[in-house]
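Coordinate analysis (summary)
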Amino acid sequence: MTLDELKLRHSALLSARYSGTRSVSYDGKTVNYGTDAELAAAIGDVERRIAKLERGAGRVLRPFAVKDL
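Residues numbered from 1 in each chain as written. Predicted model: local features only at pLDDT ≥ 70, side-chain atom pairs only at ≥ 80, totals over all residues. Heavy atoms only, no water.

With that settled, consider the pattern of salt bridges. Scanning the model with the defined rule gives 3 salt bridges in all. Between Arg17 and Asp36 there is a salt bridge; the shortest N-O distance is 3.1 Å. Remark: Asp36 occurs in helix 2 (residues 36-55) and Arg17 occurs in helix 1 (residues 3-19); sequence separation between them is 19 residues. The exposure class assigned to Arg17 is partly exposed, which follows from its relative accessible area of 34%. Note on Asp36: relative accessible area 38%, which makes it partly exposed. A salt bridge links Asp45 to Arg49; the shortest N-O distance between them is 3.1 Å. Highlighted residues: Asp45 and Arg49, both in helix 2, separated by 4 residues, approximately one helical turn. (Salt bridge = Lys/Arg side-chain N within 4 Å of Asp/Glu carboxyl O. Helix = DSSP H or I, 4+ residues; strand = E, 2+ residues; numbered from the N terminus. Buried < 20%, exposed > 50% of the residue type's maximum accessible area, 1.4 Å probe, protein only.)

Structure (structure tokens):
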């Protein structure tokens, strides 16, 4: 899933939560959430995925040592 798709899904989830509904439609699919806690968990999951994609792969450290004789 791309970053743009995740941001669209995030905005759809937020607007559904703030409007008081528990159903979200995107990409021709409708998802019904039973409770507000489930909706909040879905929002948290999407936010974690967005943060992971924006952060990137991170630094890779390859330590090495040189011994002078």
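Here we come to the packing of helix 1 against helix 2. Packed helix pairs are specified by the crossing angle of their axes together with the interaxial distance, meaning the distance between the axes. Put simply, helix 1 and helix 2 touch, their axes get as near as 10 Å, and they point 155° apart. In terms of orientation, helix 1 lies roughly antiparallel with respect to helix 2. Regarding helix 1 and helix 2, the two cross each other, and that crossing is left-handed. Between helix 1 and helix 2, the residues in contact are Leu3, Leu6, Lys7, His10, Leu13, Leu14, Ala16 and Arg17 and Asp36, Leu39, Ala40, Ala42, Ile43, Val46, Glu47, Arg49, Ile50, Leu53 and Glu54, respectively. (Axes fitted to C-alpha atoms, helices over the stretch in contact; angles between N-to-C directions. Parallel < 35°, antiparallel > 145°, perpendicular 65-115°, else oblique. Left-handed = near helix turned anticlockwise from the far one by under 90°. Contact = heavy atoms within 4.5 Å.)

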